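Coordinate analysis (summary)
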Amino acid sequence: DGMKMEYLIPEGAPGKCLVLYIHGGGYVSGSCKDHRGFVAKLAKQTGFTHLLFEYRLAPEHPYPAAIEDSIKVYRHLLDKGIAPENVLIAGESAGGGLTLALLLAIKNLELPYPTGAVAISPWTDLSCSGPSYISKNRVSPAPINSWTVFAKHYTGKDSNKNPLISPLFGELSGLPPIFIVSGTDDELYDDGEQFYLKAKQAGVNANFLSGKGMLHW
């Protein structure tokens, strides 16, 4: 349907395995072009093909545009005959939150799960209720209150506690393995840590890496 997608294929990559990478940008920005350098490094270092795609952005396209487009790309991979156990979903910031929301959508739709997910500095709570939104403001490179502005653009008329918008509020039991990394000096630190703790409590094979003194992403 005209959605831009880009495969980044390192030399010697196994043809059957793939990382579906979801870019960040607060749901209001981001593209294949501006993430190509970072994701190409991931592809080279891991040895696996990475697929980038451009979901529709807010405020022109609020929820559910981004999650609908992500589901469409995941279905596209399954329809191409790629086994779900050979797909890893990954993303950073809003893309990290969208990675986790996509797992919940896959659960709701009763589609087969990917082998797992990696979320880098994930934005899991668009109600921005964690204390780190206030306590980490001074060291953040992001403009003050930018997260609440982005959240309003993406949420639109929906609830910011809808689990497909804010996966922190979802029912997490049964999800595949998840690895989360967040910086201690990031306003979104609580988003990553609290999702991890809730996932562990729900019986998910979840792991969390705390980056001491590190900022967002």
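Sequence order sets the numbering: in each chain, residues are counted from 1 along the sequence as written. With the structure being a predicted model, the display of local features is reserved for residues of pLDDT at least 70 and the display and counting of side-chain atom pairs for 80 or more, all residues being used for whole-chain, interface and lining totals. Side-chain measures here rest on the full set of heavy atoms in the structure, leaving out hydrogens and waters.

1. Remarks on helix α5 (residues 146-155)
Because an α-helix completes one turn every 3.6 residues, residues spaced three or four positions apart along the sequence face the same direction. Note the following rule: Residue burial is assigned from relative accessible area. The probe radius is 1.4 Å, only protein chains are included, and a residue is buried under 20% of its type maximum, exposed over 50%, and partly exposed in between. What counts as a helix is a DSSP run of H or I of at least four residues, what counts as a strand is a run of E of at least two, and both are numbered from the N terminus. Each direction from the helix axis to a C-beta atom contributes to the arc, which is the arc of those directions. Throughout, a contact is declared for two residues whenever any of their heavy atoms are within 4.5 Å.
Buried within α5 are the following residues: Ser146, Trp147, Ala151, Tyr154 and Thr155. Seen from one end, α5 has its buried residues packed into an arc of 155 degrees, which puts them on one side. Where α5 is buried, its residues touch α2 (65-79) and α4 (132-135).

2. A few points about α2
This is how the line gets drawn: Multiplying 1.5 Å by the helix residue count minus one yields the expected span of that helix.
The terminal C-alpha atoms of α2 lie 21 Å apart, and with 15 residues this matches the ideal 21 Å at 1.5 Å per residue to within 8%. Buried within α2 are the following residues: Ala65, Ala66, Ile67, Asp69, Ser70, Ile71, Val73, Tyr74 and Leu77.

3. Concerning the pattern of salt bridges
Inclusion rule: One speaks of a salt bridge when a side-chain nitrogen belonging to Lys or Arg is within 4 Å of a carboxyl oxygen belonging to Asp or Glu.
As enumerated under the stated definition, the model contains three salt bridges in all. A salt bridge links Glu68 to Arg56, with the nearest nitrogen and oxygen atoms 3.4 Å apart. Placement of the pair is Glu68 in helix α2 and Arg56 in the loop between β3 (49-53) and α2, with a sequence separation of 12 residues. Among the residues examined, Glu68 registers a relative accessible area of 40% and is labelled partly exposed. The partner of Arg56 in a salt bridge is Asp69, with the nearest N and O atoms 3.0 Å apart. Pair noted here: Arg56 is in the loop between β3 and α2 and Asp69 is in helix α2, with a separation of 13 residues, a long-range link. Residue Arg56 is classed as partly exposed on the basis of its relative accessible area of 34%. The class of Asp69 is buried, set by a relative accessible area of 4%.

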